[in-house]
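Okay, here's what each chain looks like letter by letter:
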Amino acid sequence: MPPAMARVSLTGIKPTGTPHLGNFTGAITPALKLADDPGTSSYYFIADYHALTTIHDQTEMRQLVREVAATWLACGLDPEKTVLYCQSDIPEVFELAWVLACFCPKGWMNKAHAYKAMVQKNRDAGQDADDLDAGVGMGLYTYPVLMAADIIIVDADLVPVGKDQIQHVELARDMAQRLNNTYGADVLKLPEAMVQGQDETLPGLDGRKMSKSYGNTLPLFVPAKKLKKAVNQIVTDSTPPEAPKDPASSTVFKIYEKVATPAQIEELRGRYAEGIGWGHAKAALFEVLDAQLSGPRAVYEELMAHPERIDEVLHDGAARVRTTAQAVLGRVREAIGIQR
Ligand code: ADP
Ligand code: TRP
């Protein structure tokens, strides 16, 4: 077992869409707070090979990886403190994934959520019982094995994730435990999920959960004009401007609450009670958003105009992680009897 040190926290971000305000309030902000904890050394990486299950356009892949990296840096990730890297730059992950696959019963994968959801979709679409695996690639099927390797390769203690990912972290723990049971309890660290932002779901323009799959997002770093246009698209009801409005049922207010200060929130609540036109409510939201995002947006734009700076951070991060990854893989190889 590695010497007792700071606890290690690791999380992966799949580059499957342009980051939006929901990602910011629900994932980026809490993860950056955690990274600030002096007792934690944190690794945040871009899971590009996980995105390969769905992104099959090379230009889009390259662009999304950079957008995601630039977003984290612009939001305040300090690459000196938090190691930021790309999964594909760590070959040790893929070797460990094979080893873990040999300790992962196939039945565990049959129970994984993403796979089960595909099977259910096929069932609902009336597929024959013998073709319920239609459209399921081995990448999707064995997704949890690669994710386990991501986690275990840095001896992670804590894995901050959304609720939907808890099962994957538990599977990683189970795979590590199986290998330890075979070769000795101290080969692999057993990771634990840490659930963040449970009640933090931010609604999108149409009032449903903000999600790239619903096309209802407020993108984080578009120019101010476009942001204003997007805010103006938030769905409202047809109550007249002078009528008092209920903040609890207003999407504009719910988003405002997640980004404004307590004093600003109380002020807008007062204006809702007095009666406020939706145009004014949206203008208040835009102002707060723009004030918060304009600084990071400038950093983001600067980075995207110089992608070599982003790549440099990622390469530097990869070099730092590989030292740990090689040590962990060395322990594994020794334990299983594969050495050169
Ligand atoms: P999307 O739903 O747009 O596909 P992802 O599933 O890629 O977003 O989510 C990436 C991270 O952002 C996850 O940790 C998730 O919990 C968080 N997240 C996404 N949408 C929201 C939202 N509307 N409110 C809060 N957090 C969100
Ligand atoms: N599966 C995660 C998601 O879909 C992304 C991910 C890949 C990840 N590897 C990871 C998260 C390791 C935490 C740890 O969001």
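The structure displayed is predicted, hence computed values, not measured ones.

Quick look at a negative patch on the surface
A grouping of Asp128, Asp130, Asp131 and Asp133 is seen on the molecular surface, where their side chains present a negatively charged patch. Among the secondary structure elements, Asp133 is positioned in the loop between helix H6 (113-124) and helix H7 (138-141).

Things to note about the domain arrangement of the protein
In many analyses, interface size is given as the accessible surface area lost on bringing the parts together. We note that the domain assignment places domain 1 (7-201 + 307-336) and domain 2 (221-300) within the protein. Placing a centre on the C-alpha atoms of domain 1 and another on those of domain 2 gives a separation of 34 Å. Summing both sides of the interface, domain 1 and domain 2 together bury roughly 760 Å²; the carbon and sulfur share of this comes to 74%. Sorting the residues of domain 1 by area buried against domain 2 places Leu21, Thr25 and Ala74 first, and these three jointly supply 50% of that buried surface. Listed by contribution, the elements that provide at least two residues to the side of domain 1 that touches domain 2 are helix H1 (21-35) and helix H3 (58-74). In terms of residue count, the dominant contributor to the side of domain 1 that touches domain 2 is H3 (4 residues).

Some points on the side chain of Thr40
Locating Thr40 in the fold gives a position in strand S2 (residues 40-46). A distance of 3.1 Å separates a polar atom in the side chain of Thr40 from a polar atom in the side chain of Arg7.

Regarding the site of ligand 2
Surveying the vicinity of ligand 2 reveals 14 residues, the closest of which are His50, Tyr143, Met147, Asp150 and Gln165. Elements represented by at least two residues in the shell around ligand 2 include exactly strand S1 (7-13), helix H8 (143-152) and strand S4 (158-161). The element best represented in the shell around ligand 2 is H8, accounting for 4 residues. For the shell around ligand 2, a count of residues per class yields 8 nonpolar, 4 polar and 2 charged.

As for the pattern of salt bridges
Scanning all chains against the criterion turns up 13 salt bridges. In this structure, Asp37 engages Arg7 in a salt bridge whose closest nitrogen and oxygen atoms are separated by 3.1 Å. Of this pair, Asp37 sits in the loop between H1 and S2 while Arg7 sits in strand S1, and the two are 30 residues apart along the sequence. On the basis of relative accessible area, Asp37 is assigned to the partly exposed category, the value being 29%. Judged by relative accessible area, Arg7 falls into the partly exposed class, the value being 32%. Residues joined in a network through salt bridges with shared partners are Glu257, Glu266 and Arg269.

Description of the environment of Arg7
Sequence separation between Arg7 and Leu158 is 151 residues; the distance between their C-alpha atoms is 7.6 Å. Those residues in contact with Arg7 that sit more than four places away from it in its chain are Leu34, Asp37, Gly39, Thr40, Ser41, Asp157 and Leu158. Of the polar contacts made by the side chain of Arg7, one reaches the side chain of Asp37; its length is 3.1 Å.

Describing the side chain of Asp155
Summarising the element assignment, Asp155 is placed in the loop between H8 and S4. In terms of polar contacts, Asp155 uses its side chain to reach the side chain of Arg331, at 2.8 Å.

Some thoughts on the site of ligand 1
Looking at ligand 1, the residues that line it are His20, Gly22, Asn23, Gly26, Ala27, Glu200, Thr201, Leu202, Lys209, Met210, Ser211 and Lys212. A distance of 2.8 Å separates a nitrogen atom of ligand 1 from a polar backbone atom of Met210. Between ligand 1 and the protein, one listed contact pairs an oxygen atom with a side-chain N or O atom of Ser211 at 2.8 Å. In the shell around ligand 1, the residues fall into 3 nonpolar, 6 polar and 3 charged.

A closer look at the packing of H3 against helix H13 (residues 278-305)
As a packed pair, H3 and H13 sit with axes 9 Å apart at the nearest point and diverge in direction by 140 degrees. One finds that H3 runs oblique with respect to H13. Note on packing geometry: the crossing formed by H3 with H13 is right-handed. Counted together, Gln63, Arg66, Glu67, Ala70, Thr71, Leu73 and Ala74 of H3 and Pro296, Val299, Tyr300, Leu303 and Met304 of H13 form the full contact between these two elements. In terms of residue class, the contact of H3 with H13 is built from 8 nonpolar, 2 polar and 2 charged.

Some points on the packing of aromatic side chains
According to the stated counting rule, one finds 8 aromatic pairs in the structure shown. When the centroid spacing of 5.5 Å and the interplanar angle of 65 degrees are considered together, the rings of Tyr44 and Trp72 count as edge-to-face. Here Tyr44 is found in strand S2, whereas its partner Trp72 is found in helix H3, with 28 residues between them in sequence. The same class applies to Tyr44 as to Trp72, namely buried. Relative to Trp278, the ring of Tyr272 has its centre 5.9 Å away and its plane inclined at 75 degrees; by these criteria the two rings are edge-to-face. On the basis of relative accessibility, which here comes to 13%, the residue Trp278 falls in the buried class. A network of ring pairs unites the aromatic residues Phe253, Tyr272 and Trp278 as a single cluster. The ring centre of Trp278 lies 5.5 Å from the NZ or CZ of Lys245, which sits over that ring.

Reading the values: the criteria
- Residues numbered from 1 in each chain as written.
- Chains lettered and ligands numbered in written order.
- Predicted model: local features only at pLDDT ≥ 70, side-chain atom pairs only at ≥ 80, totals over all residues.
- Heavy atoms only, no water.
- Patch = residues over 30% accessible without salt bridge, like charges linked within 9 Å, V, L, I, M, F, W, Y side chains within 5 Å.
- Areas by Shrake-Rupley, 256 points an atom, 1.4 Å probe, with all protein chains shown as cover.
- Salt bridge = Lys/Arg side-chain N within 4 Å of Asp/Glu carboxyl O.
- Lys, Arg positive; Asp, Glu negative; His and termini not counted.
- Charge placed at Lys NZ, Arg CZ, Asp CG, Glu CD.
- Helix = DSSP H or I, 4+ residues; strand = E, 2+ residues; numbered from the N terminus.
- Domains from an automatic or database assignment.
- Buried area = accessible area lost by both parts, 1.4 Å probe.
- Polar contact = N/O pair within 3.5 Å; in protein donor to acceptor, adjacent residues only side chain to side chain.
- Near = heavy atom within 4 Å.
- Nonpolar A, V, L, I, M, F, W, Y, C, P; charged D, E, K, R; others polar.
- Buried < 20%, exposed > 50% of the residue type's maximum accessible area, 1.4 Å probe, protein only.
- Contact = heavy atoms within 4.5 Å.
- Axes fitted to C-alpha atoms, helices over the stretch in contact; angles between N-to-C directions.
- Parallel < 35°, antiparallel > 145°, perpendicular 65-115°, else oblique.
- Left-handed = near helix turned anticlockwise from the far one by under 90°.
- Phe/Tyr/Trp six-rings, centres within 6.5 Å; stacked < 30°, edge-to-face > 60°.
- Lys NZ or Arg CZ within 6 Å of the ring centre and 35° of its normal.

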